Structure formats: structure tokens, C-alpha cells
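Per-entry structural report
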Amino acid sequence: ESDSLNKGKLDLQFSKSSMTEILRFVATNTKYPLMARNSFDTGKVFVLVKMHKGGIIEECKAFSDKKEIKAPILPKIVIVGYQSSSRQSVATNKSNSNHPALKSECIRAANMLGDIDIPEWKDKNMEFGLAIEFVIKPGKGLDNPNELR
């Protein structure tokens, strides 16, 4: 399918160590927005990253649909938000399909990619996609606000 086609293009664009470093950086620097977590907004966000030589970010755009990205997409990153189990039972668990807070956070994190040293983007312009999924899980210790996590 198109995923295997995407993977082939990515192999030409990034070494395995560079791809791992990019994914680790994005995963570490993407936070689950509190407002989205409290409203149980979950889902996938796809970010198109356009970069000039030397790792200079030209543009980052977020989409809800993977089809909007016409560039190779890196493997999915999952961001987990924790909620107390008592809150989850009363929540409607309705997802906002447009994900404004999630998109905004993904763009913020993607715009910092120029801060890391990736050999492949030193000497050429690049375009690639990020797939970031936000999920909510019941959190341990969140039912008691005095308990440290």
C-alpha cells in the first residue's frame, strides 16, 4: 500500500539513526495540551514540515487527514495523556475532529526541529510528514490530588 511506498522514499531521505533522533525529539517535545486532555480530545494530527538547507524551518502545517500530505511520512508518534478514572466515567469522550489545540501543539514542536543536528538536512531542502496520535488513558494516582506521580 502507500505506507510501503512512503517508507521507501524515507529510506532515501533519512538514515535510521537520524529518523530515530527526529522521532525521539518530536515525542519528547510534544505535550498533551491540558485543554484538549480535559475535554478528552483524541485523534491523529499530520504535520507537513518544509525545511531549507541547514535545518531552517520554512513552514509547518497541520492536517487531520493524511491524504493532505504529499511527502514521505515518518512512523507514527503516540502522545499519551492521563486522566483520573473518575473523570473518565463522567466524560462524553467526544473527540473534536478538527483538533485545534492538538494541531497547534504539533506545529509548535515541529517548528523546533531545526534545533537538532541531522546530517541529511545540512545540504539540501527537505519535505516530510509527521504522524502524531493523541490518546487518553486512565491515570494511576490521579484520583488523589495529594499523591505525587
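Residues numbered from 1 in each chain as written. Predicted model: local features only at pLDDT ≥ 70, side-chain atom pairs only at ≥ 80, totals over all residues. Heavy atoms only, no water.

1. Some points on the pairing of strand β1 (residues 43-52)
Most of β1 sits inside the fold, with 7 of its 10 residues counted as buried. Bridge analysis of β1 against strand β4 (residues 126-138) gives 9 bridges, and the strand direction is antiparallel. Bridging across to β4, G43 finds its partner in F134. (Buried < 20%, exposed > 50% of the residue type's maximum accessible area, 1.4 Å probe, protein only. Helix = DSSP H or I, 4+ residues; strand = E, 2+ residues; numbered from the N terminus. Pairing = 2+ DSSP bridges.)

2. Here we look at the environment of A101
Structurally, A101 is set in helix α5 (residues 100-110). Apart from the residues within four sequence positions on either side, A101 is in contact with P33 and A36. (Contact = heavy atoms within 4.5 Å.)

3. Focus: the pattern of salt bridges
Summed over the entire model, instances satisfying the criterion amount to 5 salt bridges. Notably, a salt bridge pairs E59 with K50, separated by 3.6 Å at the nearest N-O pair. A relative accessible area of 26% places E59 in the partly exposed class. The partner of E133 in a salt bridge is K76, and the shortest N-O contact between them spans 2.9 Å. Of the two residues, E133 is situated in strand β4 and K76 in the loop between β2 (56-63) and β3 (77-83); the sequence distance between them amounts to 57 residues. For K76, a relative accessible area of 47% corresponds to the partly exposed category. Each of the salt bridges in this network shares a partner with another, and the network as a whole consists of K50, E59 and K61. (Salt bridge = Lys/Arg side-chain N within 4 Å of Asp/Glu carboxyl O.)

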